[in-house]
Protein chains: 4
Amino acid sequence: LPAAASGSFPRVARESNPGGSHIQVGNVRFGDGNFVIIGGPCSVESREQIIATAKAVQAHGALMIRGGAFKPRTSPYAFQGLGWEGAALLAEASRVTGMPTVSEVMTIDQVDRMATQVDMLQIGARNMQNFDLLKAVGRCGHPVLLKRGLSATIEELLSAAEYILSEGNPNVVLCERGIRTYETATRNTLDLSAVPVLRERTHLPVIVDPSHGVGVRRWVPAMCRASKAVGAHGLILEVHPNPPEAKSDKEQALTFEDFAAIMADLATIPLSHSIPQVTA
Amino acid sequence: LPAAASGSFPRVARESNPGGSHIQVGNVRFGDGNFVIIGGPCSVESREQIIATAKAVQAHGALMIRGGAFKPRTSPYAFQGLGWEGAALLAEASRVTGMPTVSEVMTIDQVDRMATQVDMLQIGARNMQNFDLLKAVGRCGHPVLLKRGLSATIEELLSAAEYILSEGNPNVVLCERGIRTYETATRNTLDLSAVPVLRERTHLPVIVDPSHGVGVRRWVPAMCRASKAVGAHGLILEVHPNPPEAKSDKEQALTFEDFAAIMADLATIPLSHSIPQVTA
Amino acid sequence: LPAAASGSFPRVARESNPGGSHIQVGNVRFGDGNFVIIGGPCSVESREQIIATAKAVQAHGALMIRGGAFKPRTSPYAFQGLGWEGAALLAEASRVTGMPTVSEVMTIDQVDRMATQVDMLQIGARNMQNFDLLKAVGRCGHPVLLKRGLSATIEELLSAAEYILSEGNPNVVLCERGIRTYETATRNTLDLSAVPVLRERTHLPVIVDPSHGVGVRRWVPAMCRASKAVGAHGLILEVHPNPPEAKSDKEQALTFEDFAAIMADLATIPLSHSIPQVTA
Amino acid sequence: LPAAASGSFPRVARESNPGGSHIQVGNVRFGDGNFVIIGGPCSVESREQIIATAKAVQAHGALMIRGGAFKPRTSPYAFQGLGWEGAALLAEASRVTGMPTVSEVMTIDQVDRMATQVDMLQIGARNMQNFDLLKAVGRCGHPVLLKRGLSATIEELLSAAEYILSEGNPNVVLCERGIRTYETATRNTLDLSAVPVLRERTHLPVIVDPSHGVGVRRWVPAMCRASKAVGAHGLILEVHPNPPEAKSDKEQALTFEDFAAIMADLATIPLSHSIPQVTA
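Description of the structure in this document. Note that this is a predicted model, so its numbers are computed, not measured.

**Regarding the interface of chain C and chain D**
- Chain C puts 52 residues into the contact, and the matching count from chain D is 51 residues.
- Here chain C and chain D share an interface that buries about 4,100 Å² over both sides, 64% of which is from carbon and sulfur atoms.
- The tally of links between chain C and chain D comes to 4 salt bridges.
- Notably, a salt bridge pairs E200(C) with R218(D), separated by 2.6 Å at the nearest N-O pair.
- Run the count over chain C and chain D and you get 24 residue pairs in polar contact (both at pLDDT 80 or more).
- Where the side of chain C that touches chain D is concerned, the elements lending two or more residues are α6 (194–201), α8 (220–229) and α9 (256–266) of chain C.
- No other element matches the 7 residues that α8(C) contributes to the side of chain C that touches chain D.
- When grouped by side-chain class, the residues that make up the side of chain C that touches chain D number 29 nonpolar, 11 polar and 12 charged.

Now the structure itself:
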């Protein structure tokens, strides 16, 4: 990969670790040579829901569980998540399955406590430029999944990651999740070209969230294939035992059967090391 | 694939041909079961250039040649293409290689004459809503490659295709080529989610133009893989014997070696019929 | 006004006529010191409709009439305009009122004939980069109203104007009409900041189309005030005798009473020469 | 103004207070019949800087002072503001001039302390959907200036305000500050059409920030005029004693002389009550 300008994100720039970083989260490793699937519901809703989902996604090849405890919702009157009870249920699902977990933190004072409950802290799209929260997860040292903001440029995503690394935490995985454009057929516009650009400019691993990217379940399988083919280091997918009953994001949640079919299909897509390099 | 609303584009809507259309262009067929690569320069520049390029892309598996004779350029002082001389050279490259050709028409009075020179007429992004031009290629009956406008919605692309079909020409292939967003790292934002959406809503084949999508040669290979994986019916790629000397779009043109490497890689990506269908 | 780079549009750049151009259209003059209102229906629908509207807008202070004869419509099945019959009716309204007229041309072969019917040729937003049409109106010499494309940058608008001037026609008025963004509350996002940017970069007059900018009648009056205050040289407004019965754009058409109220209000907004110049 | 749907923001919707709210901030009142100018530097940099600026803007008619103590900066290595020292200096400028103040809070734990230092808490664009911060300023009860997010829809801005009101704090003023679009000539695209839309949908006052909207000093005067003409209840403007030396946003800061000229010009633009109402 060609060298990137190290401008305003020296710790994040590819030159600072040309071979690429490997980020360890429990027994899972993000980086070249791996393709990590994180599956789980948008929101943790109950013990039965999260444990059943964790077992199902594990059975089909997922390596990590996701589940929201604190949910950023556009309306104050929408379901806001189970809070610490949700985090505890996610931790229980981790103990039952042995898989590491990721869940979102929305405030500074949630950071250290959430780090005792889950293996990776998610910074959501709406908080990508909540700079004090970035510093807080930087100081915490726990692995971080940093999602691209709804209208963040790639440069801004890298600068946001630099906030975390500059506080001493190198354990950051980036996530493309769709950007806001004029197109309304899809929930967002999944910017898969961000993957090769990010892989050139930074040593940090990059995963993709097709569920939020398109927002409609039946278009998710195609975007999963494309995400692996384009060179992402993994995927994060929303899976629910019964999508029509989900308390959030029910249009985009996959059933267990859907998830199984996608996992089988992904096995046919080659890993990123086979992507040709062209004339500079 | 689920049924699409037939609203304002009844002839284009999937319901009007649920099995999907196959569009024949010379000896090439677009539609399910095929993945067609169109290669060639942005602009036809000389006999040597177009014939060398045609032979090179054919040797590596391309099935069609592209080459611009009339070029839509932002500035009136930029190279505007060789015009009919370019079209004649492209026709000669077709005779030499046996491959069908595609070239852009920009005005109504070019349509019938260009149809005598090339096998497929391209409507460029800037003319996607040049409705009289759409009607003219509709009346002509020649196969049409219709590119999505720079800020066209998927609905508008389908309505533009309906203009062509409503004049009696069913031979239309759609092309996603990147949309205009706030992101400046790439030339455009290639909207690969448009592929599954279009495949659901229309029976017409859909190809992708990664060259214009990202605008930078070294990100093209990853986008080619993603485009095949996401379910496109083919690709159109810019290839030039010597990109730094190209008269237009030199940053995104592939060398022959680049093209060869991409073609070899694409062979490892499965065709669209293996994309799982999920719960409706 | 500071000097603009003359880069790719030397004839259009402010430096080529620092004092600003005055464009004469019949008995109307666009440029500093004037604020020209063009009023009329989206489409010419009948003799009664266009003559009644012309008389009404004239009575309240409009200086020009607009009316579409050839209409660019997203769907081929929507009303496409009355064509040359519409142009003739518009010419009749001009004879009755003495006001000059503007109407859109969509194809090269309409240009010379339309120039015999109306005083100013409009290039619509969808054709802003229909370069052969730009050249044709350039050769024609008739005054041109050039609307900004739906997702055109200011640079691209100026380059489009350069196409017209480079063919020998200096009589161009630019029009900001709203750009495509993610916001859906309004039909487009009226980019009023384009007015001071354009006034700095070019000597050509700039008017605003609030009707298409917001797409909803009740927000038009506020945008008219803002358009005059920001320094535009005029407005083009959609007015209809009975908006709910309009064959196109009925949501944004003003009644005669609405138009009268807006005209009275605009008289209270100062002209652009009073805008302060600040530290460079 | 027509009634707005009360959907997801019942406390914020126009129907809940059809006459419009008046928000008191110290001795300043936002709402119909007033046009409030807030002036001051992007960042508080020193006692001399903030006091000189406060006196200058007051002398020319500003009613409030702005000044950042905690600055959201894209890069962790950029100047981050003077923190509490900056807040104390702003408070001192308030004592000297008698004008109320506004400054941004970026974290929950800054809220109550900042409320002892300034008269109004600003929620910046990047934090518009930092929902826990919204709740915190809601519980605090202090007046809030809520800026629209970089790619927030008008609906999302209203929902963000609902978070604050739902915690019992009705003292919210909204601020349009430009949205992110594809256009690069200006820093953002100032969406002035948001003003009439917001005035229809909510009873809360709406001000405009032309400085961030365009990002270039010499286009600010025109946008100030337009902002008053379009019906905003006020402006927030960046003013600095010596813009080339400003530690942040130096391209868009006005000199004292610039500010004086703008204030004199704004006196010629009529208040919003004269905007005509049109046929519903």
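**Re the packing of helix α1 (residues 47–59) of chain C against helix α2 (residues 84–97) of chain C**
Residue and element names in this part refer to chain C.
- In the contact formed by α1 and α2, the axes pass within 9 Å of each other and the chain directions differ by 40°. Classified by chirality, the crossing of α2 by α1 is right-handed. For the pair formed by α1 and α2, the contact residues are R47, I50, I51, A54, K55 and Q58 on the first element and L89, L90, E92, A93, V96 and T97 on the second.
- When the residues that make up the contact of α1 with α2 are grouped by side-chain class, the tally is 7 nonpolar, 2 polar and 3 charged.

**Some points on the pattern of salt bridges**
- For the coordinates displayed, the defined rule picks out 52 salt bridges over all chains.
- In this structure, E155(A) engages R201(A) in a salt bridge whose closest nitrogen and oxygen atoms are separated by 3.2 Å. With E155(A) in helix α5 (residues 154–166) and R201(A) in helix α6 (residues 194–201), this pair connects stretches of sequence that are 46 residues apart.
- For R201(A), a relative accessible area of 17% translates into the label buried.
- The network of salt bridges with shared partners includes R148(A), E176(A), D191(A) and E183(B).

**Brief notes about the relation of the copies chain C and chain D**
- Of the transformation superimposing chain C on chain D, the axial component is 0.0 Å and the angular component is 180°, with the fit at an RMSD of 0.0 Å. Put plainly, the chains are arranged around a two-fold axis. Closest approach to the rotation axis among the C-alpha atoms of chain C is made by A226(C), whose C-alpha sits 2.1 Å away.
- A share of 98% of the interface residues of chain C reappears at the interface of chain D, consistent with the copies meeting face to face through the same patch.

**Regarding the nonpolar core**
- Core analysis: the largest hydrophobic core is formed by 306 residues, its most contacted members being L146(A), L146(B), L146(C) and L146(D).
- With sequence-adjacent residues up to four places away left out, L146(B) is seen in contact with I123(B), M128(B), L134(B), L157(B), A160(B), A161(B), I164(B), V172(B), V173(B), L174(B) and C175(B).

**Points about the pairing of strand β5 (residues 101–104) of chain C**
Residue and element names in this part refer to chain C.
- Side chains T101 and S103 project from β5 onto one buried face, and the interleaved V102 and E104 project onto a second face that is buried too.
- Pairing of strand β4 (residues 64–66) with β5 involves 2 bridges; the strand directions are parallel. When the sheet's bridge partners are listed, I65 is paired in β5 with T101.
- After leaving β4, the chain enters α2 and then returns to the sheet as β5, a path that is right-handed.
- With 3 bridges connecting them, β5 and strand β6 (residues 120–123) associate as parallel partners. Bridge pairing in β6 places E104 opposite Q122.
- With helix α3 (residues 108–117) bridging β5 and its parallel neighbour β6, the resulting β-α-β unit is right-handed.

**A look at the layout of surface pockets**
- Roughly 710 Å³ of volume is contained in the second largest pocket.
- Residues belonging to the lining of the second largest pocket are distributed by class as follows: 8 nonpolar, 13 polar and 13 charged.

**Side note on the interface of chain A and chain B**
- The interface of chain A with chain B comprises 51 residues on the first partner and 52 residues on the second.
- When chain A packs against chain B, the two sides together hide about 4,100 Å² of surface, and 64% of this comes from carbon and sulfur.
- When the buried area of chain A at its contact with chain B is split by residue, Y182(A), R225(A) and V278(A) rank highest and sum to 16% of it.
- At the surface where chain A touches chain B, the tally comes to 4 salt bridges.
- The interface formed by chain A and chain B holds 22 residue pairs in polar contact (both at pLDDT 80 or more) in total.
- Taken together, the elements giving at least two residues each to the side of chain A that touches chain B come down to α6, α8 (220–229) and α9 (256–266) of chain A.
- By residue number, the principal contributor to the side of chain A that touches chain B is α8(A), which donates 7 residues.
- Of the residues in the side of chain A that touches chain B, the class split is 28 nonpolar, 11 polar and 12 charged.

**Observations regarding the state of the cysteines**
All names here are of chain C.
- Inspection of every chain in the model, using the stated rule, returns 0 disulfides over all chains.
- The thiol of C175 is unpaired, and the distance to the nearest cysteine sulfur, on C224, comes to 12 Å.
- Under the relative-accessibility criterion, C175 is labelled buried at 0%.

Parameters at a glance
- Residues numbered from 1 in each chain as written.
- Chains lettered and ligands numbered in written order.
- Predicted model: local features only at pLDDT ≥ 70, side-chain atom pairs only at ≥ 80, totals over all residues.
- Heavy atoms only, no water.
- Contact = heavy atoms within 4.5 Å.
- Buried area = accessible area lost by both parts, 1.4 Å probe.
- Salt bridge = Lys/Arg side-chain N within 4 Å of Asp/Glu carboxyl O.
- Polar contact = N/O pair within 3.5 Å; in protein donor to acceptor, adjacent residues only side chain to side chain.
- Helix = DSSP H or I, 4+ residues; strand = E, 2+ residues; numbered from the N terminus.
- Nonpolar A, V, L, I, M, F, W, Y, C, P; charged D, E, K, R; others polar.
- Axes fitted to C-alpha atoms, helices over the stretch in contact; angles between N-to-C directions.
- Left-handed = near helix turned anticlockwise from the far one by under 90°.
- Buried < 20%, exposed > 50% of the residue type's maximum accessible area, 1.4 Å probe, protein only.
- Least-squares fit on C-alpha atoms with pLDDT ≥ 70 in both.
- Core = buried A, V, L, I, M, F, W, Y, C linked by side-chain atoms within 4.5 Å.
- Pairing = 2+ DSSP bridges.
- Right-handed = clockwise from strand over helix to strand, strands pointing away.
- 1 Å grid on protein atoms, 1.4 Å probe; cavity = no way out; pocket = protein on both sides within 12 Å on 5 of 7 lines; lining within 4 Å.
- Points joined across faces, edges and corners; volume = space filled by probe spheres on them.
- Disulfide = S-S within 2.5 Å.

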